Amino acid sequence: MTALPEALQRWFEARGWAPRAHQLAMLQAARAGRHALLVAATGAGKTLAGFLPVLADAAVAGARPGLKAIYVSPLKALAADVERNLMAPIAEAGLPLRVETRTGDTSSDAKRRQRADPPDILLTTPESLSLLLTWPEAEAMLASVDTLIIDEIHAFATTKRGDLLALAAARIRRLNPTLRLVGLSATIADPPAMAQWLAPGGDVQLVVGEVAVAPDIRILVPDGRIPWSGHNGRHAGAEVVRLVEGARQAIVFVNTRAVAELVFRDLWAENDQSLPIGIHHGSLSPEARQKAEAALASGRLRAVVATSSLDLGIDWGDVDLVVQMGAPKGAARLLQRVGRANHRMDEASRAVVVPGNRFEYLEALAAIDAVAANELDAEPHRPGGLDVLAQHVMGVAVAGPFAADALFAEVRTAAPYAGLSRAAFDRVLQFIATGGYALRVYDRYRRLVEFQPGQWRLTHPRLALQHRLNAGVIVEAPTMTVRLGRGKALGAIEEWFGSQLRVGDRFMFAGQTLELTGTSETDLYTRLSRGEPSVPTYVGGRMPLSTNLARRVRALIADPAQWGRMPGDVREWLALQQRHSLLPPADRLLAETFPRDGRHYLVLYGFEGRNAHQSLGMLLTQRMERLGLHPLGFVATDYVLGVWGLQPISDPAALLGGDIVADELEAWIKATPFLRRAFRDVAIVSGLVERQQPGRKKSGRAMTVSTDLIYTVLARHEPGHLLLEAAWAEASAKLTDMERLKILLERAESQLLVRHLDRVSPLAVPVMIEIGREGVRGMAEDALLQELVG
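Residues numbered from 1 in each chain as written. Predicted model: local features only at pLDDT ≥ 70, side-chain atom pairs only at ≥ 80, totals over all residues. Heavy atoms only, no water.

Let's hear about the overall build of the protein chain: which residues, and what values?
Within the protein chain, the secondary structure is distributed over 30 helices and 28 strands. When contacts within the protein chain are restricted to residue pairs at least 6 apart in sequence, long-range pairs at least 24 apart make up 73% of them. For the protein chain, the exposed surface amounts to about 31800 Å²; the carbon and sulfur share of it is 52%. (Helix = DSSP H or I, 4+ residues; strand = E, 2+ residues; numbered from the N terminus. Contact = heavy atoms within 4.5 Å. Areas by Shrake-Rupley, 256 points an atom, 1.4 Å probe, with all protein chains shown as cover.)

Laid out in structure tokens, this is it:
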């Protein structure tokens, strides 16, 4: 058994605690010089386990100069929370350690001081760490770092933020080859793969935390019935308020920012006791978010409606209940959110899922089963983005001249770039140096120069400031600032939504109904309104159904032995489907066709997520048009795709057959804004265009105009340009969910079951109601249900 230093042992004893096995295992791994990946521990105990070797070294060795450990988190708020939790053992055990944060909220004066006089422990984010590396003095500062801790590592590994972090870690490893890497997470589906991402080819000790009491998760079924259609569980507002009344504190999670506004309004409409209920999401101003966080942590809020902005491992006040409005879309996400209620290992976290419709009920049941089986959603690791690599190479140049050979070797030690070819690396260099063949005549795109063979530097010192102002890999949709009057900023909404508003329009934002009083290029001026919203709310992002949950939902539907666990109306719905058509088999794809009101419908039960279904809907309607079937539209949900037109679809197999992706996808993507939007994102990340200049931030409209012009030039004169290839990869992967689309089409080719019906089937009713809402509102739902009964 690895012993704790006496000072830390006394601290544990004073708290009435005993060091847990996983905490001691982390200490043992450090003393053996091994990297470590900690899985399945929760709360402050997880974080303390990551830092325990650093604290133990300080207790034994005493004070020594220099930065010793860097902690990286996905959220600025999480870094601040960890700082609060760390200060107790450091102060009470008398450890000679100074802890500071370095995020986008840290003042420039504090950042300058940190470079001259670094703390012992630095808490930061990937973006701030990458920016730190751009300063010439960073090499000396970081050479003393012996531990890099990555919290919530699962949130990084499959993203561009993870690419940036892996490149930064590779650079610090070059400065100190003995650097020890530590990963922390409670929701890792494939620990060996994650260990390789953390330290490629390294000796990583996998530490599994003690198993906590299983969470108590149930599904709310108001009045014993689940709606046919709808989303987000808003029908159960009154019941959710009753749940909040019975809890010490609650977090009510939703899946999008727009829904957060609607649910917040619904809860206040039912809040007869005027309980303090707040709202928290990424579109709100930093001040509004920090106010909600402080009120929750201090107990002044009984509940907060939140998006993924509060997902990750922060201890929030006395929260003992989590409510998930709508289906969770993934077992790992549900487990992550449930973990916000009660961080004690010996008490169950309590959560309630509120499904919005019958398919969402099945998804909620599947998610609870997956959590119970500890079957989490595994996202495959992918090669690092070349736009992120371009940003990193530029950051290295900002810090000082570099040798291309040495940098290439360093980059390949980062897991996302382990397979990077020298030819691809040289293309990135040439892109930064000239902008590419079609842009090489413009001086503004010349950012690097080869001043000696293999040696590179900036073409002008002013580019250093330009890079630091614009670095980062999070590219939000263009937004407009929402202001109360001409003063206080409440937050930001999507520019496309704001540009459609007219003076006098009322919309929901920051938990209030606002009336538009005026606009500028970048701002919306508003006043408080007592009226009902007159326009739909803004978007704010969507989450797709995970592959794992899709498989489980199909299995639940196909197995009548499981139906006894479901409410009566859901059981009856599935039994009617079995009687009138066919249950979608777990391993096959069901297609139904039927006529209704002079139109002809095709419904596919794919269960591959909204993005894949939406992409297939685009492709099918395009092919139907060419075949003279006169398509009128489609509706895609996470579970079903419904397509309709004027001519019957007699052979769905032929419609889905052939290489529909090769035949239709490229033409479709080029005809939509998707590719240009993806190009804008990679152009920003790679540094080809600037979001900010000293004292001025470009509007989203100006950015889009700028990148559209460059896209047109490159598409015409250099179709093989690095960024066009990067944009295509991003559009096909992210915007169309290409891998799941291919899986769906493979099932269509080899496992398709077709049922030609004379009327709508029970399982098709929800998507038909959605189709009715897409068209003229009226009695569509009643008519469909009457037809089904008939």
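A description of helix α28 (residues 738-750) should follow, citing residues and the corresponding values.
The terminal C-alpha atoms of α28 lie 19 Å apart, and with 13 residues this matches the ideal 18 Å at 1.5 Å per residue to within 8%. Those residues of α28 that sit buried are Met738, Arg740, Leu741, Leu744, Leu745, Arg747 and Ala748. (Expected span 1.5 Å × (residues − 1). Buried < 20%, exposed > 50% of the residue type's maximum accessible area, 1.4 Å probe, protein only.)

I'd like to hear about the sheet that holds strand β6 (residues 180-185), residue by residue, with values.
The seven strands are arranged β3-β4-β2-β5-β6-β1-β7 in an open sheet whose pairing can be described as parallel. Since the sheet does not close on itself, it has two edges, and those belong to β3 (99-102) and β7 (204-208), each with one partner. Between one strand axis and the next, the sheet turns by 15° as a mean value, whatever way the strands run. The strands that helix α5 (residues 108-116) touches are β3 and β4 (121-124); relative to β3, the one it contacts most, it runs at about 125°. Helix α9 (residues 191-198) rests against β1 (35-39), β5 (147-151), β6 and β7 of the sheet, and its axis sits at about 140° to β1. (Pairing = 2+ DSSP bridges. Axes fitted to C-alpha atoms, helices over the stretch in contact; angles between N-to-C directions.)

I'd love a proper account of the nonpolar core, names of residues and values included.
Among the nonpolar cores identified, the biggest contains 113 residues, and Leu142, Leu448 and Phe679 are the most heavily contacted of them. In terms of residue count, the dominant contributor to this core is helix α8 (residues 160-175) (nine residues). If near-sequence neighbours (up to four positions away) are discounted, Phe679 is found in contact with Thr707, Ile710, Tyr711, Leu714, Leu723, Leu724 and Ala727. Listed in part, the 65 residues of the second largest apolar core include Ile219, Leu545, Trp573 and Trp644. (Core = buried A, V, L, I, M, F, W, Y, C linked by side-chain atoms within 4.5 Å.)

Can you break down the pattern of salt bridges residue by residue, with the values?
Think of it this way: side chains of opposite charge can pair up when their charged atoms draw near. By the definition in use, this model includes 43 salt bridges. Between Arg98 and Asp117 there is a salt bridge, and its shortest N-O distance comes to 3.7 Å. Of this pair, Arg98 sits in the loop between α4 (76-92) and β3 while Asp117 sits in the loop between α5 and β4; the two residues are 19 residues apart in sequence, bridging distant segments of the chain. Residue Arg98 is classed as partly exposed on the basis of its relative accessible area of 30%. Note on Asp117: relative accessible area 41%, which makes it partly exposed. (Salt bridge = Lys/Arg side-chain N within 4 Å of Asp/Glu carboxyl O.)

Just give me the short version of the side chain of Arg289, but keep the residues and values in it.
Secondary-structure assignment places Arg289 in helix α12 (residues 286-298). Among buried charged residues, Arg289 stands out as having no salt bridge; its nearest opposite-charge side chain is Glu293, 5.2 Å away. (Lys, Arg positive; Asp, Glu negative; His and termini not counted.)

Residue-level account of the pairing of strand β8 (residues 216-219), with values.
Only one face of β8 is buried, namely the one carrying Ile217 and Ile219, since none of Asp216 and Arg218 on the opposite face is buried. Relative to strand β13 (residues 350-354), β8 runs parallel, the two being bridged by four bridges. Across the sheet, the residue bridging to Asp216 is Arg350, located in β13.

Quick one: what's the story with the packing of α8 against helix α15 (residues 386-399), residue by residue and with numbers?
Where α8 meets α15, the closest approach of the two axes is 9 Å, and the angle between their N-to-C directions is 35°. The two elements α8 and α15 meet at a crossing, and its hand is right-handed. Residues Lys160, Asp163, Leu164, Leu167, Ala168 and Arg171 of α8 pack against Asp387, Val388, Leu389, Gln391, His392 and Val396 of α15. Of the residues that constitute the contact of α8 with α15, the class distribution is six nonpolar, two polar and four charged. (Left-handed = near helix turned anticlockwise from the far one by under 90°. Nonpolar A, V, L, I, M, F, W, Y, C, P; charged D, E, K, R; others polar.)

So what's going on with the sheet that holds strand β28 (residues 752-756)? Residues and values would help.
One open sheet holds the five strands; their spatial order is β24-β25-β23-β22-β28, and the pairing between them is mixed. Looking along the sheet, the strands with just one partner apiece sit at the ends: β24 (631-636) and β28. Within this sheet the neighbouring strands show an average axis-to-axis angle of 15°, counted without direction. Pairing geometry for strand β22 (residues 589-596) and strand β23 (residues 599-605), over seven bridges, is antiparallel. Bridging across to β23, Arg596 finds its partner in Arg599. Where helix α22 (residues 610-626) meets the sheet, it contacts β23, β24 and β25 (641-645), and its direction lies at approximately 170° from that of β24.

Which residues make up the side chain of Glu261, and what are the values?
Within the fold, Glu261 resides in helix α11 (residues 257-269). The buried charged residue Glu261 lacks any salt bridge partner; its closest oppositely charged side chain belongs to Arg265, at an N-O distance of 8.8 Å. A distance of 2.9 Å separates a polar atom in the side chain of Glu261 from a polar atom in the side chain of His281. (Polar contact = N/O pair within 3.5 Å; in protein donor to acceptor, adjacent residues only side chain to side chain.)

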